[in-house]
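Structural characterization, general
The chain contents come next:
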Amino acid sequence: MTTDLTAAAETTDGFSLVIDALKLNGIDTIYGLPGIPITDLTRKAQAAGLRMIMFRHEQHAGNAAAAAGFLTGKPGICLTVSAPGFLNGLTALTNATTNCFPMILISGSSEREIVDLQQGDYEEMDQLAIAKPLCKAAFRVLHAQDIGVGIARAIRAAVSGRPGGVYLDLPAKLFAQTMDAAAGKASLIEVVDPAPRQLPAADAVQRALDLLKSAKRPLILLGKGAAYAQADAAIQALVETSGIPYLPMSMAKGLLPDNHPQSAAAARSLVLAQADVVLLVGARLNWLLSHGKGKTWGQDQGAVAGRKFIQIDISPTEADSNVAIAAPLVGDIGSCVSALVAGMASGWAKPQADWIGAIAAVKDKNLSKMAATLALDPPVMNFHSALRVIRDVVKANPEAILVNEGANTLDFTRSIVDMYLPRKRLDVGTWGIMGIGMGFSVAAAVTTGNQVLAIEGDSAFGFSGMEVETICRYKLPVCVVVFNNNGVYKGTDVNPLGTDVAPTVFVKGARYDLLMTAFGGVGVSASTPAELDAAIQQAFASRQPTLINAVIDETAGTESGRITSLNPQAKKK
Ligand code: ADP
Ligand code: TPW
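Here we summarise the structure given alongside this text. (Residues numbered from 1 in each chain as written. Chains lettered and ligands numbered in written order. Predicted model: local features only at pLDDT ≥ 70, side-chain atom pairs only at ≥ 80, totals over all residues. Heavy atoms only, no water.)

Moving on, we get to the site of ligand 1. Surveying the vicinity of ligand 1 reveals 20 residues, the closest of which are Arg162, Lys224, Arg284, Asp313 and Ile333. Compared with its free state, where it exposes 580 Å², ligand 1 has 96% of that area covered by protein. Among the elements that make up the shell around ligand 1, the one with the highest residue count is helix α11 (residues 224-228) (three residues). Residues belonging to the shell around ligand 1 are distributed by class as follows: nine nonpolar, six polar and five charged. (Near = heavy atom within 4 Å. Areas by Shrake-Rupley, 256 points an atom, 1.4 Å probe, with all protein chains shown as cover. Helix = DSSP H or I, 4+ residues; strand = E, 2+ residues; numbered from the N terminus. Nonpolar A, V, L, I, M, F, W, Y, C, P; charged D, E, K, R; others polar.)

In structure tokens:
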């Protein structure tokens with residue numbers, strides 16, 4: 001055999017450039033669903049060593065990418081086909097943006113020439129135009145030599161400043177485009193410092209410290225931005241050096257252990273109503289905090305007219321979005337919090353005993369009330385007796401990641417189950433969206449390797465239930481517990497006409513556990529706390545995909561859980 005010395009220079013193509021650009025930037029996993037025009041991309045990416053986690057519906061792949069972004073600080077990647085696949089992924093992209101989670105939705109798309117003339121291509125849609133208003137940034141790459149720039153821009157947009165969702169449109173033709181391999185390699189960009197630290201200005205730090213020093217009843221509010229920032233030691237130093245009581249928002253639970261003596265979670269109503277200076281750390285004053293005003297904040301008690309807020313946030317436009325922020329501190333949480341702690345070294349007095357004492361008294365009262373409720377063993381298992389089991393399991397397995405959705409299932413789990421380590425709780429977030437359950441569970445297991453425990457309302461589970469096949473396929477250590485009360489909120493509504501069942505009611509006595517056994521996982525039906533405990537212990541010991549159908553009292557549960565106040569109909573009842 002002779003060697004052809006005149007052979008053409010080596011070439012590369014769009015497929016390889018996309019894969020190489022992602023790998024160059026430390027991306028090791030893609031969540032998605034194959035089909036035209038990205039099937040070959042999924043195969044080639046897998047062959048190139050990327051972990052390909054393929055779902056049964058794009059929304060769950062998108063949710064997985066978002067959760068991966070939150071847990072790792074790197075953008076989670078979701079890959080979908082055009083139009084319908086893209087639209088299925090879009091809810092997750094928008095939800096990620098709302099929650100400030102970094103992710104990139106990469107969708108294949110039809111040919112520009114045909115889309116722009118609306119000539120009816122296969123899955124034709126102007127995806128870029130649709131995505132643009134629904135995410136942080138959106139880009140399209142038309143030429144192979146621009147793939148490096150496109151992916152670099154998407155990564156920077158997703159993780160710099162306030163993190164969020166980015167859309168990257170890759171038309172079908174791009175993948176087959178070829179170019180000289182060396183030129184292709186040179187066109188790729190390894191993004192340097194994608195989420196640069198942003199130091200707060202010295203005068204802004206001083207303003208915040210002065211205000212905090214003047215407080216008689218100070219409070220620190222930790223949000224999921226604080227969890228995302230991975231500044232755990234600095235946050236612990238802030239809380240413990242200052243001696244200020246703190247309140248964790250749902251996904252900030254565990255940033256400090258929930259049984260920390262300074263946690264004011266069990267005295268939430270008291271501290272929100274009475275604090276005179278509130279330091280927000282990566283938390284927005286949105287509906288979850290009653291917009292910083294009204295009864296929750298004690299405005300009916302008149303005692304807090306002079307309340308002042310300090311807000312640490314990376315977004316310079318967040319301050320004043322609901323109420324006046326007296327001391328905005330713009331920068332990354334690690335830098336801002338460290339600057340405050342450093343400022344405390346030159347003289348700091350911990351909060352006065354009467355404030356700490358008042359909180360401790362309310363905490364003690366509420367905690368013993370809850371302990372008494374949790375100790376009850378009603379004849380039919382209910383939220384409380386089931387959650388007593390979950391609380392103890394999480395205490396014994398603090399590394400486990402808890403995924404949580406539903407209405408009552410969400411609210412009770414959040415208040416009853418203590419978390420002990422940062423970023424171990426994932427839930428419905430800013431929108432209160434149902435359907436994150438299985439996608440978040442898959443990402444939690446894939447990115448950490450830890451055991452996952454998903455506590456799901458039966459309605460909530462239904463949104464992503466088919467992904468138990470994905471969990472079985474990848475043999476992930478996910479234990480799903482469905483709190484089965486036969487319906488949305490509860491299972492006892494009656495249609496007065498006696499025709500169809502009421503809108504909130506499901507098939508009674510459904511066996512969700514059989515869904516898991518259909519795919520080779522373990523399914524257990526549990527109707528007592530002891531059965532529930534045994535099934536979870538078994539799941540944790542074996543790390544097998546497991547679904548426990550936890551049969552609970554169908555009369556348990558209130559409409560809309562704890563947000564009945566937002567539901568005018570239920571309020572009237
Ligand atoms: P929660 O729902 O827990 O109250 P939010 O999602 O409302 O939390 O708020 C998170 C906030 O954290 C957002 O305003 C976001 O801009 C901010 N944030 C996210 N990451 C960082 C960071 N690294 N540094 C500073 N602020 C951040
Ligand atoms: C995408 C509205 C909020 S909570 C909920 C729905 C349908 C389910 C509550 O029932 P579940 O829990 O899960 O059985 P529980 O513990 O009360 O019995 N569609 C979307 N998001 C939301 N939030 C809804 C609908 C909703």
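Under the 1.5 Å per step criterion, the end-to-end length of helix α4 (residues 83-99) is 24 Å for 17 residues, consistent within 8% with the ideal 24 Å. The buried fraction of α4 amounts to twelve of the 17 residues, a majority that puts the element mostly inside the structure. For α4, every residue scored as buried is listed here: Ala83, Gly85, Phe86, Gly89, Leu90, Ala92, Leu93, Thr94, Asn95, Ala96, Thr98 and Asn99. Among the structural elements, α3 (58-72), β4 (76-80), β5 (103-109), α6 (127-131), β7 (165-171) and α11 are those in contact with the buried residues of α4. Following α4 by one or two positions, Cys100 adopts a phi angle in the positive range, close to 65°. (Expected span 1.5 Å × (residues − 1). Buried < 20%, exposed > 50% of the residue type's maximum accessible area, 1.4 Å probe, protein only. Contact = heavy atoms within 4.5 Å.)

A few words on the packing of aromatic side chains. Going through the model one piece at a time under the given rule, you end up with nine aromatic pairs. Taken together, a centroid distance of 5.1 Å and an interplanar angle of 45° make the contact between Phe70 and Phe101 tilted. In this pair, Phe70 is assigned in helix α3 and Phe101 in the loop between α4 and β5, connecting sequence segments 31 residues apart. By relative accessible area, which is 1% here, Phe70 ends up buried. Under the relative-accessibility criterion, Phe101 is labelled buried at 2%. With a centroid separation of 5.9 Å and an interplanar angle of 90°, the aromatic rings of Phe461 and Tyr512 are classed as edge-to-face. With a gap of 51 residues between them, Phe461 in helix α19 (residues 458-462) and Tyr512 in the loop between β17 (478-484) and α21 (513-517) connect regions that are remote in the sequence. The same class applies to Phe461 and to Tyr512, which are both buried. Here the aromatic residues Phe70, Phe101 and Tyr228 are joined through ring pairs into a cluster of three or more. (Phe/Tyr/Trp six-rings, centres within 6.5 Å; stacked < 30°, edge-to-face > 60°.)

With that out of the way, let us pick up the sheet that holds strand β3 (residues 51-54). With respect to topology, six strands assemble into an open sheet ordered β3-β2-β4-β5-β7-β6, the strand pairing being parallel. Of all strands in the sheet, those with a lone pairing partner are β3 and β6 (137-140), marking the two edges. Sheet twist, expressed as the average angle between the axes of neighbouring strands with direction ignored, equals 20°. Together, β2 (29-32), β4 and β5 form the strand contacts of α3, whose direction differs from that of β4 by roughly 165°. Along the sheet face, helix α7 (residues 147-159) touches β5, β6 and β7 and points at about 165° away from the line of β7. (Pairing = 2+ DSSP bridges. Axes fitted to C-alpha atoms, helices over the stretch in contact; angles between N-to-C directions.)

Next up on the list: the pattern of salt bridges. Following the criterion strictly, the structure yields 17 salt bridges and no others. In this structure, Arg43 engages Asp40 in a salt bridge whose closest nitrogen and oxygen atoms are separated by 2.7 Å. One end of the pair is Arg43 and the other is Asp40, both in helix α2 (residues 39-47) and three residues apart, which spans about a single turn. A residue is classified by how much of its surface remains accessible, and Arg43, at 52% relative accessible area, is exposed. Under the relative-accessibility criterion, Asp40 is labelled partly exposed at 35%. Glu469 serves as the salt-bridge partner of Arg56, at 3.0 Å between the closest nitrogen and oxygen. On the criterion of sequence distance, the pair formed by Arg56 in the loop between β3 and α3 and Glu469 in helix α20 (residues 468-473) is long-range, its members being 413 residues apart. Residue classification places Arg56 among the partly exposed residues on the basis of a relative accessible area of 43%. Salt bridges here are not isolated pairs; linked through shared partners, they connect Arg112, Asp116, Asp126, Arg140 and Asp169. (Salt bridge = Lys/Arg side-chain N within 4 Å of Asp/Glu carboxyl O.)

Just distances and angles here, no functional claims.
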